[in-house]
Structure formats: structure tokens, C-alpha cells
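# What the coordinates show
Single-letter residue listing:
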Amino acid sequence: MRQLILFLAVAVLLPLQALAEGNVTTFTLKNGMQAVVIEDHRAPVVTHMVWYKVGSADEAPGKSGIAHLLEHLMFKGTERFGPGKFSAIVAANGGSENAFTYFDYTAYFQRVAADRLGLMMDMEADRMRGLILSENDVRTERDVVLEERNTRTDNSPDALFSEQRRAAQFLNSHYGIPVIGWRQEVARLTRKDALAFYHRYYAPNNAVLVVAGDVDPAEVRKVAEKYYGPIPANPDLEPRDRPTEPPQLAERRVMFADARVARPYVIRTYLAPERNAGDQKEAAALTMLAELLGGSGLNSVLGQKLQLQQKIALNTSAFYDGVSLDKTMFGLFVVPAPGVSLKDAEKAMDAAVADFLKKGVNKDELARIKTQVRAAQIYARDSLQGMARRYGEALTSGLTVRDVQEWPSILESVTPDDILAAARKVLDRRHAVTGWLMRDRSEAGQ
Amino acid sequence: MKRILTLGLVLLALALPAQARMKIQQITSPGGVKAWLVEEHSIPFTSLEIRFRGGTSLDRPGKRGAVYMMAGLLEEGAGDMDAQAFQRARDALAASLGFDANADAVTISARFLSENRDRAVDLLRLAINKPRFDDRAIKRVRAQILSIIAQDRKSPRAIANRAFDKLAFGPDHPYGSSGTGTEQSVRALSRADVVQAWKDALARDRLVVAAVGDITPEQLGLILDRLFDGLPATGRRMPPRAKLVLTPGVTVIDYPSPQSVAVFGEAGIRRDDPDFFAAYVMNRIFGAGGFTSRLTREVREKRGLTYGVYTWLAHYSLADMLQGSVSSSNDRIAEALKVIRDQWRKMATGKVSQDELDAAKKYLTGAYPLRFDGNTRIASILAGMQLDGMPASYIDTRNDRINAVTLKDVERVAKRLMKPDNLRIVVVGQPVGLKSTD
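All of these numbers come straight from a predicted model, not from anything done at the bench. Note that residues are indexed from 1 along each chain, following the sequence as it is written. Chains carry letters and ligands carry numbers; both start at the beginning, A for chains and 1 for ligands, and go up in the order they are written. Since the coordinates come from a predicted model, pLDDT governs what is reported: local features require at least 70, and pairs of side-chain atoms require 80 or more to be given and counted, while whole-chain, interface and lining totals use all residues. Side-chain metrics in this entry use all non-hydrogen atoms of the structure; hydrogen atoms and water are not considered.

## A closer look at the overall build of chain B
Here is the rule: Helix and strand assignments come from DSSP, with helices taken as H or I runs of at least 4 residues and strands as E runs of at least 2, each series counted from the N terminus. In this treatment the radius of gyration is a C-alpha quantity, and the globule benchmark scales as 2.2 Å times the residue count to the 0.38 power. Every residue pair with non-hydrogen atoms within 4.5 Å of one another is taken to be in contact. By the counting scheme adopted, Arg and Lys are positive, Glu and Asp are negative, and His together with the chain ends is not counted. Think of each charge as sitting on NZ of Lys, CZ of Arg, CG of Asp or CD of Glu.
Each helix and strand counted, chain B has 15 helices and 14 strands in total. Over its C-alpha trace chain B gives a radius of gyration of 23 Å, about what one expects of a compact globule, namely 22 Å for 438 residues. Along the first, second and third principal axes, the C-alpha atoms of chain B reach 60 × 50 × 35 Å. Counted over contacts in chain B with a minimum sequence separation of 6, partners at least 24 positions apart contribute 82%. Taking the average location of the 64 positive side-chain charges in chain B and that of its 49 negative ones, the two points are 4 Å from each other.

Listed below in C-alpha cells is the structure:
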């Protein structure tokens, strides 16, 4: 619970999934709270989520980690539901609950029997404005978060490396600061910091309600109006004008050595455009590009060349996540085979990309990927939580419901020329950070 | 999400729904293969979960890692298709086929669209019945497995789990070592060893199947015969039940990292024990209850000593344990473990309040039907049930059995199970104030 999502840079994100639209309803309450309802009557279950349009990239300088610490503190109680009550009530109703923080959003959710939706809304609405915090709550929870940072980051050379690479990638955007925060800043966060952040950002006009499951949209609207409707909007809420990233003009490199590294690798991330409302074409081309270069194991460009033909890599992948409020990253990843140096692995990776740019898109492979895009729309309907999450992420990252629904057809319409044009623009080392993860510095000289 | 980091090979206790709308059909194919089926025609795809009992515990002497490697090779070429051709065919059908092995089973997870059902089944049939085990593929997969082994040797959690397993089951039972194998054993595996592992592990006498989705009993029956008719009737005999040789004490393994990872445990309880449900409720109160468990309250909420502390009843096919884990900074882990031990002692008195008992029962019975959402999720649960030898009818009585648990039952089972002086604790890190006791 109260968990932070860390997208590992090495994980291949599959943003191909998309949605059928027939079962999706949307509305907006008078106080500005947006709502999305996804109907599915297979099981008598509902997922109830509230997403706030605030994440770690909205934090003030020196206060890194406050969005995530507040997420933890949101479970400390209100006047109506005292300490521990929220979780106890969810559990007594057979429900599970959680929360997570990322660069662009903070979200809270419960999964319960469909007839308990009203109770969940009652409690979630109550803590949108009614949080009570003691100094002791904050002190103890700060220790918990520091232990969380130990578990996720300080005990993991991969995570430390990722943190350093992000910091190198983003000179100005707060995407360069870890979601969980820098240790020395987290250690100094106070009750006052948490409450200031809370009062500034937690309001219905900065929130998105997502309800998915065995529900009737008209009924959901009625219940939402009852519980969320009376909460006044925050009239002082400012637009999300955050520090933006200047153009990158010079290549950056991060050489990271740690004795705990078992598997050295090369990873390159290029600064890349994100999906924007009404303008997702380039992001769609980049999504397909990632699939072609490193999506499906042995049949991708990197898999074929580096793993099958040259046998110089154990694993390869390419990744891109376009759901982001500001500029994002496109990445390539190669784990060299034993005896192959990082330098040679990087060289082979560059050669494979250059060859792809010269020869162009394999049309059969693109057709297979498009088949999977279509299938993904069907498979996606199996996971209600996944669907709910996709809408929540999109709506807190500058996209609209319509953008989410148009995404599959935009992916389908991507042409080989679109892909090559996007690749030529983005895959430029002057806009990239190349990282080597090593056991010890001597590997850098090889 | 609540991070329960279990041993990779443990099958956690499953529970089943009371008023779920689904209906489980138990079918037998014309050729005699049995399966559980839930028809769900609202989305045009099917999830198929296949298990072969035994898994990596069927490795022959000196061949540790053979079954694991074999499972990894099932998607690396079959029939007249090499690895690339096979994966191309799979992608063209937009099917997903996953192959894996744990200490109790080889697992196959398939998902295919209705419009591609026959072609996807043909592909899966080839993978199961006619795997090629090409030398090139063996070489590639071996290198990947060696990389996994190297990573496990540098992961505090994996180091702790391996050490604990060895202390719990000794070097002679398969449960006492990793099914992935060692660097030495994996390097020595030949193609013949892999073929032998395939014959040992994939046989019809150990087969479990669950299907959920857009498919009728008749269609499934025909598929079952096509999928498995080429397999041998019997495989290698199962190892004996594992004897728990765990002794009390503390094992500290030095590892340079800021946070220590601890795993701990003692003897558990069998799922068919008359007091199993009492133990299950007790564990919910003690350490499995998310934010409402005693351990989370004492170790995390009150003292801020950890991000996560959990206990669980671990049920392997051939052994049972009560286990737990916690991670804390090197300078705080001793305190965290002291609080856990104190709570263990308190639980051992068997004293639980009526409120705690009611809250645990309400959660367990209420959460039960909620698990059954999503075809893939349901299929996986139904396969797990069969692997654990549970009848489908268990679903109808499970909540009643939870509700029947009394304060007295919990007291009796707590006194029987919770033995703080029997605990073995394995700590990986550089803990301050903790030393190995043996």
C-alpha cells in the first residue's frame, strides 16, 4: 500500500493496449471534478479510483518527495474516520486498497463489491478536504518512506543507476528528480510541507474519478454528486506551468559502477515528444518504432541482429511511454553476452539502428505488430483495473477521453514513412543520455 | 500494492467465491483428459492455464536446472519452425504463450482470440509435443539462465531465500535448492538432459487444465485431445514429502547494502488439517492483514521501522511452512526483529479479541468473491485449486468454514503453531547488533 510506481527503465512497456469505447461514459461535476465510468458486468466487483493532477514533477525546489509522502499520510485519518479507520472499513468490506505516486499524478483506489461503492466515495470524498495530521504521524511515516527508499532504490544498483541517468537527462524538468525524492530532502520534510501541498492541490477541480465494474453509469453519477458534489472547488488552483526542458545540444554519458552489479548493460535514452491532446501521431509512430526495434524478442531489429545473428547480446529491448505531461524518453537497452564489452555492445546497437534507418521498415513485421494492436483491444477488456488505470493516467497527463479512444486507430494508421521520420528525428545521440552499468570502473576502459 | 515477496515457488493459499456468478464445468475429453471450464462468451478470447505437477523437483541427480531450462526452451522452436519462425507465427496470431517452471509444476499460460483459436492451439500443440531443443537455442537460453543465476547471487532477497530454503529442507530434497540450478550444473546440461527433462515432466498422469473464456465444453474437449495426445502416459515419479529440518537460530550473511533483508519461519500447517481455517484466520490477524495486521501496526505504523512486514502460510505440494519477511536499515533491523519476536510470543498465547476475529472473518469472506474477475485470473486460480487437490465444490463451503472459526479455535491453533523459540531468522546485509548463532 501507499506504494510508489517505478517504471524500471529496462522494462518494456507495452503501450499498445487500447480501449473499446462502447462501455465508457464520462461526465463532469459542477465543482469541476471529471469522471469516467467503465461498465463491465462479468463479476459483481467495482474499482473506485480518485486521481489527482499532481505528482512529483509538480513539487517545489527542495521539497522532493512531498507528493509521495503526502500519499502515505492520506491514510492517517480525518475527524469522521479516525486513524486506521479508512483501511479497517475497506478491509471489513472485503475490499483491497492502495495508492501510488508518479511524476504527473497521485492516485488512490479501492476494489470492493459493487454495492459498497457509495461507502468508498463517502470516505474518499471526506479525506479530500478533511485530513488531520499530527507531528508524530509525519515523523514516523517519513521513516517508513526512507525505508521504502532503501528497499526500492538504495539496495538496488539498477535503481540508483536509473536515478542518475534521469538526473542527467532532464536539466530543468522535474522529471530529473526521483518520485520518492532525494534522501536528504525527504529526511527534512515536515507536517507543514505536507499540509501546504495538500491544501493547494487536493480539490475536486484537480481530480479525476474513475469507476470501473458492475455499475450503472447513471447511478454512479448520482452517488458521485452526493459525495463529491458538495466539495467546493479550489478557486486558487493554478495551471500546471512547470519547469520545461530546454533543447538538448550535447550528448551526455553516465558511467555507473557498483560492486553489487551482476549483469552489466548499456542503456540509451533519447529525449522524445509525448502524446498530446489531439496530436498523437508522432507518439504513435514512436510506439511502433519501439516495437519494431525491440518489442517482440527475437523478431525485433535488435533481437535479430544482436541476439540471433551476431550473438553479442543476452537480451535487448526498446521502450517508449508516450503518456506524459511533458517531454518523455525513448530508450534502447542491450545486455552484452559474457566476454563482450559494453563498448562493443554499444557499437553494435548503434550499427543496428543505423542499418534500420537505411533499410527501412520490414512490412511483414509491421503488419504483425498491427495485428497485435487490434488483439490488445480485446485482451484489454479482461482487466478492469488496467482499463481504469489507462484512463486515469491519460487524464492526469494532459490527454482527453477522446485521445484514449482514438489511440488504437492512430496506431493502425501509422505508415513506414511516419516511423522513419520519427526515428530520424528522435534517434540522435546529441539528444541522448547513454549509460553503462558496470561492476567496476575498469570495464569503462575496455 | 501490497508487496508480498514470496519465495518464487510457493503456492499461496487460495480461497474461492461464495456468490460468484460463474459456473465451473468439469469436463472429460473424448480421449480422457480432464479440465475445469468457465464459459464466458462476452469477450472473444480464451485463457488456458495448463500445469504439469512436479516441476523442477523432478530434476534428476546432478541435473539441477534441467526442467527449468526445458520449460524456457518450449518457445524456442517446434516442428519445422526454428525459434524465430515459431515466435513470428505466435505474433501473427496475436496469441500469448508463456512457459515456466517452479518447484511444484511446469506452467503453461495461453491466451488466444476466438478467430485464431485453431491455429493458436496447433502452435501450442507443437510446442508441447514437438519441441526442437535446437543446439543454438540451448546455447542462447543457457546464457540467459546463467545471467539470472548471477543476478540472484547479488540480490539480498534471493540470497536470503536460498539460504532459508537450504536450512529448511536440507541439501537432499529439491526444495532445499533453487530449481534454476547452479552455475556449474547449468553449464553441464546437455541436449539429452533437456530431452529427458521434457519426458520426465510433461506427462499425462500429472496434467491439470483450466479454461475460461469464449469456448464451449465440446470445443475444449477436442482441443485437449489435440494438445496432449502425443505425450507419454506417465512421467518421472514424484519426490517424497519434504522433511522440515529447520533449527532455531539466527543466520547472518554479510552483504554490503544499506538495508538488511530478513526472512524467517517455522513449521506450518497442512491445508487438509482440521485447524487449517483457524490458522488462516489467525495469520490474517497476525501478519497477512495489510494495514490491519498486528505486525504492520507494531513494526511499521507505530515505529516506522520498515516499508513492509508480512507473514504467510506457505503451502508447497510437499511441505508447509509459516514464513515471514521484513526489511530495515542495518541499524534498525535488530529492533524490527525484536518487535516481531515479541509479537510472535504474544500471538502464541492465543489471545485474540472478538473484534480482531470479526474483522478478519469479514475481510476474508468479503474479499473472496472479488478474486474472480477476469478470465486469465480465474483460469489461473482454478488451475491452482486443482494442483492443490481441492474439489470445485470447495467454493460453496469455504466461507462457511471461515465463519465457523471461533476464538477458541484460534487460541488452540496459535498455541500449536506459534513457537517463537523455534524461529529461524536469516538476515542478509550488515545488521548492527545481530550475529549468527551457529
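This is not the end of the story, as more comes after the structure.
## Some words on the pattern of salt bridges
To keep it simple, the criterion reads: For salt bridges, the criterion is a side-chain nitrogen of Lys or Arg within 4 Å of an Asp or Glu carboxyl oxygen. We call a residue buried when its accessible area falls under 20% of the maximum for its residue type, exposed when it is over 50%, and partly exposed in between, using a 1.4 Å probe and counting protein chains only.
Under the defined criterion, the tally for this structure stands at 72 salt bridges over all chains. Across the salt bridge formed by Glu147(A) and Arg332(B), the nearest N and O atoms sit 3.4 Å from each other. With one member in each of two chains, Glu147(A) in helix α4 (residues 135-154) and Arg332(B) in the loop between β13 (320-329) and α11 (333-348) form a pair that bridges those chains. Overall, the relative accessible area of 1% leaves Glu147(A) in the buried class. Residue class for Arg332(B) comes out buried when judged on its relative accessible area of 18%. For Asp409(B), the salt bridge goes to Arg412(B), with nearest N and O atoms at 3.0 Å. Placement of both Asp409(B) and Arg412(B) in helix α15 (residues 407-417) is noted, with a separation of 3 residues, approximately one turn of the helix. Exposure remark for Arg412(B): the relative accessible area of 42% places this residue in the partly exposed category. Overlapping salt bridges bring together Glu251(A), Arg253(A), Arg268(A), Glu346(A), Asp350(A) and Arg429(A) as one network.

## Notes on the packing of aromatic side chains
Residues and elements named next belong to chain A. Quick note on the threshold: Stacked, edge-to-face and tilted labels apply to pairs of Phe, Tyr and Trp rings (six-membered ring for Trp) whose centres lie within 6.5 Å, assigned for plane angles under 30 degrees, over 60, and everything in between, in that order. Two thresholds decide whether a charge sits over a ring: the Lys NZ or Arg CZ must be within 6 Å of the ring centre and within 35 degrees of the ring normal.
The full count for this structure, using the stated rule, is 31 aromatic pairs over all chains. For the pair Phe 100 and Phe 109, a centre-to-centre distance of 6.0 Å together with 55° between the ring planes defines the contact as tilted. We classify Phe 100 as buried; its relative accessible area is 0%. An aromatic cluster of at least three residues, connected via ring pairs, comprises Trp 51, Phe 100, Tyr 102, Phe 103, Tyr 105, Phe 109, Phe 170 and Tyr 175. Sitting over the face of the ring of Phe 86, Arg 127 holds its NZ or CZ atom 3.8 Å from the ring centroid.

## Side note on the side chain of Glu274(A)
Residue and element names in this part refer to chain A. Mapped onto the secondary structure, Glu 274 falls in the loop between β9 (265-272) and α9 (281-294). Buried charged residue Glu 274 carries no salt bridge. Nearest counter-charge: Lys 327, at 6.5 Å. Not counting chain neighbours up to four residues away, the residues in contact with Glu 274 comprise Ala 283, Tyr 320, Gly 322, Ser 324, Leu 325, Asp 326, Lys 327 and Thr 328.

## Section: the sheet that holds strand β7 (residues 96-101) of chain B
Residues and elements named next belong to chain B. In plain terms, the rule: Here, any two strands with at least 2 DSSP bridges between them count as paired. Where helices are involved, their axes are fitted lines through C-alpha atoms of the stretch in contact, as for all axes, and angles between N-to-C directions lie from 0 to 180°.
With respect to topology, 6 strands assemble into an open sheet ordered β2-β3-β9-β4-β8-β7, the strand pairing being mixed. Every other strand in the sheet has two partners, leaving β2 (25-28) and β7 as the edge strands with one partner each. Put simply, the sheet's adjacent strands are angled 15° from each other on average, direction ignored. As defined by bridge partners, strand β4 (residues 45-53) adjoins strand β8 (residues 105-113) across 9 bridges and the pair is classed as antiparallel. Residue Phe 52 lies in a different strand from β8, and its bridge partner there is Val 106.

## Some remarks on the packing of helix α12 (residues 363-380) of chain A against helix α14 (residues 401-413) of chain A
A pair of packed helices is characterised by two quantities: the angle between their axes and the separation of those axes. All names here are of chain A. Stated formally: When describing relative orientation, an angle under 35 degrees is termed roughly parallel and one over 145 degrees roughly antiparallel, while 65 to 115 degrees is termed roughly perpendicular and anything else oblique. Classification convention: Asp, Glu, Lys, Arg as charged; Ala, Val, Leu, Ile, Met, Phe, Trp, Tyr, Cys, Pro as nonpolar; all other residues, Gly among them, as polar.
As a packed pair, α12 and α14 sit with axes 9 Å apart at the nearest point and diverge in direction by 170°. Between α12 and α14, the angle falls in the class roughly antiparallel. Where α12 approaches α14, its residues Lys 370, Val 373, Arg 374 and Gln 377 are matched on the opposing element by Pro 408, Leu 411, Glu 412 and Ser 413. For the contact of α12 with α14, the per-class residue count stands at 3 nonpolar, 2 polar and 3 charged.

## Considerations on the pairing of strand β3 (residues 34-39) of chain A
It is a general feature of regular strands that their side chains alternate between the two faces of the sheet. Residue and element names in this part refer to chain A. The pairing of strand β2 (residues 24-28) with β3 spans 5 bridges and is classified as antiparallel. In the sheet register, Thr 28 faces β3, and the bridge partner there is Gln 34. Linking two consecutive strands that pair antiparallel, namely β2 and β3, is a turn of 5 residues; a positive phi of about 95° is found at Gly 32 within it. Taken together, the 6 bridges between β3 and strand β7 (residues 207-213) define a ladder with parallel strand orientation. Paired with Gln 34 across the two strands is Val 208, which belongs to β7.

## A few points about the domain arrangement of chain B
As a measure of interface size, the accessible area lost when the parts come together is often cited. Residues and elements named next belong to chain B. Stated precisely, the cut-off is as follows: Each domain's limits were defined by an automated method or a database of domain assignments. Buried area is understood as the total, over both parts, of accessible area removed when two parts are fitted together, assessed with a 1.4 Å probe. Here a polar contact is recorded for every N or O atom pair within 3.5 Å, except that within protein the pair must consist of a potential hydrogen donor and a potential acceptor, and residues adjacent in sequence are included only if both atoms are side-chain atoms.
In terms of domain boundaries, chain B breaks down into domain 1 (7-228) and domain 2 (249-429). Taking the mean C-alpha position of each, domain 1 and domain 2 sit 28 Å from one another. Each side of the interface is counted separately: domain 1 has 45 residues, and domain 2 has 50 residues. Buried surface at the junction of domain 1 and domain 2, both sides included, amounts to about 4400 Å², of which 71% is carbon and sulfur. Put simply, domain 1 and domain 2 have 9 residue pairs in polar contact (both at pLDDT 80 or more) between them. Looking at the side of domain 1 that touches domain 2, the elements with two or more residues in it are β1 (11-12), β3 (34-39), β4, β8, α5 (156-169) and β9 (207-213).

## Structural notes on helix α7 (residues 191-201) of chain B
Buried within α7(B) are the following residues: Asp193(B), Val194(B), Val195(B), Ala197(B), Trp198(B), Asp200(B) and Ala201(B). Where α7(B) is buried, its residues touch β4, α1 (66-73), β8, α3 (117-129) and α6 (183-188) of chain B.

## Some thoughts on the interface of chain B and chain A
Chain B puts 63 residues into the contact, and the matching count from chain A is 57 residues. For the pairing of chain B and chain A, the buried interface totals around 5300 Å² over both sides, and the portion due to carbon and sulfur atoms is 54%. For the interface between chain B and chain A, the tally reads 5 salt bridges. At the level of elements, α2 (83-92), β8, α4 (135-152), β11 (259-267), α10 (294-301), β13, α12 (354-367) and α13 (375-387) of chain B are the ones that each hand at least two residues to the side of chain B that touches chain A. Element by element, the count of residues in the side of chain B that touches chain A is highest for α2(B), at 7 residues. In terms of residue class, the side of chain B that touches chain A is built from 24 nonpolar, 18 polar and 21 charged.

## Digging into the packing of helix α2 (residues 85-92) of chain A against helix α3 (residues 117-129) of chain A
All names here are of chain A. Interaxial distance between α2 and α3 falls to 11 Å at its minimum, and their mutual angle equals 170°. Judged on the interaxial angle alone, α3 and α2 are roughly antiparallel. Each of Phe 86, Ile 89 and Val 90 in α2 lies in contact with α3, whose residues at this interface are Leu 119, Met 120, Met 123, Glu 124 and Arg 127. When grouped by side-chain class, the residues that make up the contact of α2 with α3 number 6 nonpolar, no polar and 2 charged.

## Considerations on the sheet that holds strand β11 (residues 328-336) of chain A
Within a beta sheet, neighbouring strands are joined by backbone hydrogen bonds and run either parallel or antiparallel to one another. All names here are of chain A. Spatially, 5 strands are ordered β8-β12-β9-β11-β10 in an open sheet, and the strand pairing comes out mixed. The sheet is open, and its two edges are formed by β8 (252-257) and β10 (313-320), each paired on a single side. Here the average twist between neighbouring strands, direction ignored, is 15°.

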